[in-house]
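# Structural features, examined
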Amino acid sequence: MTTLQIEPVPCLRDNYAWLAFDRDENVCAVVDPSEAAPVRRALHAHGLLLTHILNTHHHPDHVGGNLELHREFGAEIVGPGKDRARIPGISTGVVEGDRYSVGSHSAVVLEIPAHTRGHIAFWFEKDAAVFTGDTLFAMGCGRLFEGDPPTMWSSLSKLLTLPDSTRVYCGHEYTEANGRFALTVEPSNPDLNSRMAEVRAIRKEGRPTLPSNIGIEKKTNPFLRVSSPEIRRSLGMPGASDVDVFAATRRRKDSFQG
Ligand code: ZN
Ligand code: FE
């Protein structure tokens, strides 16, 4: 078995849809197609036919291209079983622990609610890749639209159990802004400083900063680093619980003008 090839498709202002494909097996999935046109162009450019549409959650910037791409390619639409009513064209709803395959490439479904109630991740274990939608970003995490801090913290903690080498493919190019915030709470983290230098150089050239991986996120993402003494000092919460530190970090980011 070859590993899935994964390519970004920039959509809208700062979204990524992702093509995940295996040419030997003639399968190609798109994860979170915001809109159909850029996905169609990317399929043409790579000489691919779309066979699967995977959705992490119901927001329009993640499902906006579903119906048009389904009409054009007949691709099966897969998404959170707990949010079927809000996923346009869904035919297969999946829940925690389900496996869903793209050709021979099997993904484990992880329920990671809080950004939305039904948010899921697709973890392609053998391909060492996870699609995290708007839950885990590079150096950031999603806003809590439909869940409280303990729910988001347990969703992120679930992703933290994946191997460090797992590549993280998320839904937005927010990395540089996230990193600017991260530096305000953990300015002397050497990994964070060197990553930000790389990220700034990559963005200056207009290239994607993704994928990240779980190991890099553990070292640089403030929302995962609730036990960092420096972050706790910055927040004035040396003895607080992990979830309270997470909640305070998230609140501070909500009002960060960076
Ligand atoms: Zn979203
Ligand atoms: Fe989004």
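The structure displayed is predicted, hence computed values, not measured ones. (Residues numbered from 1 in each chain as written. Chains lettered and ligands numbered in written order. Predicted model: local features only at pLDDT ≥ 70, side-chain atom pairs only at ≥ 80, totals over all residues. Heavy atoms only, no water.)

What follows concerns the nonpolar core. Counting 27 residues, the largest nonpolar core has Leu-110, Val-130, Leu-136, Leu-156, Leu-159, Leu-162 and Phe-246 as the members making the most contacts within it. Broken down by secondary-structure element, the contributors of at least two residues to this core are β8 (105-111), β9 (120-124), α4 (149-160), α5 (175-185), α8 (229-235) and α9 (242-254). For this core, the element with the highest residue contribution is α4, accounting for four residues. Split by domain, this core shows at least three residues from each of two domains, domain 1 (5-170) and domain 2 (175-254). Dropping the residues within four chain positions of it, Leu-136 is found in contact with Leu-156, Leu-159, Val-168, Cys-170, Ile-214, Asn-221 and Leu-224. Core analysis: the second largest hydrophobic core is formed by 25 residues, Ala-107, Val-109, Ala-129 and Leu-210 among them. (Core = buried A, V, L, I, M, F, W, Y, C linked by side-chain atoms within 4.5 Å. Buried < 20%, exposed > 50% of the residue type's maximum accessible area, 1.4 Å probe, protein only. Helix = DSSP H or I, 4+ residues; strand = E, 2+ residues; numbered from the N terminus. Domains from an automatic or database assignment. Contact = heavy atoms within 4.5 Å.)

With that out of the way, let us pick up the pairing of strand β1 (residues 5-11). Note that β1 and strand β2 (residues 15-22) share seven bridges and pair antiparallel. Note on β2: the bridge partner recorded for Cys-11 is Asn-15. The hairpin formed by β1 and β2 contains three residues between the paired strands, and Leu-12 there has a positive phi angle of roughly 45°. (Pairing = 2+ DSSP bridges.)

We now examine the coordination of the iron ion (ligand 2). Distances from the iron ion (ligand 2) to its protein donors, namely Asp-61 (OD), His-62 (NE2), Asp-134 (OD) and His-172 (NE2), fall within the range 2.1 to 2.3 Å. In this structure, the iron ion (ligand 2) is coordinated by four donor atoms arranged in irregular fashion, with angles at the metal of 85 to 167°. Between the donor residues of the iron ion (ligand 2), the gaps in sequence give the motif D-H-x71-D-x37-H. (Donors = N, O, S within 2.8 Å, 3.2 Å for Na, K, Ca; no water. Tetrahedral: all angles 85-135°; square planar, octahedral: opposite > 155°, others 65-115°.)

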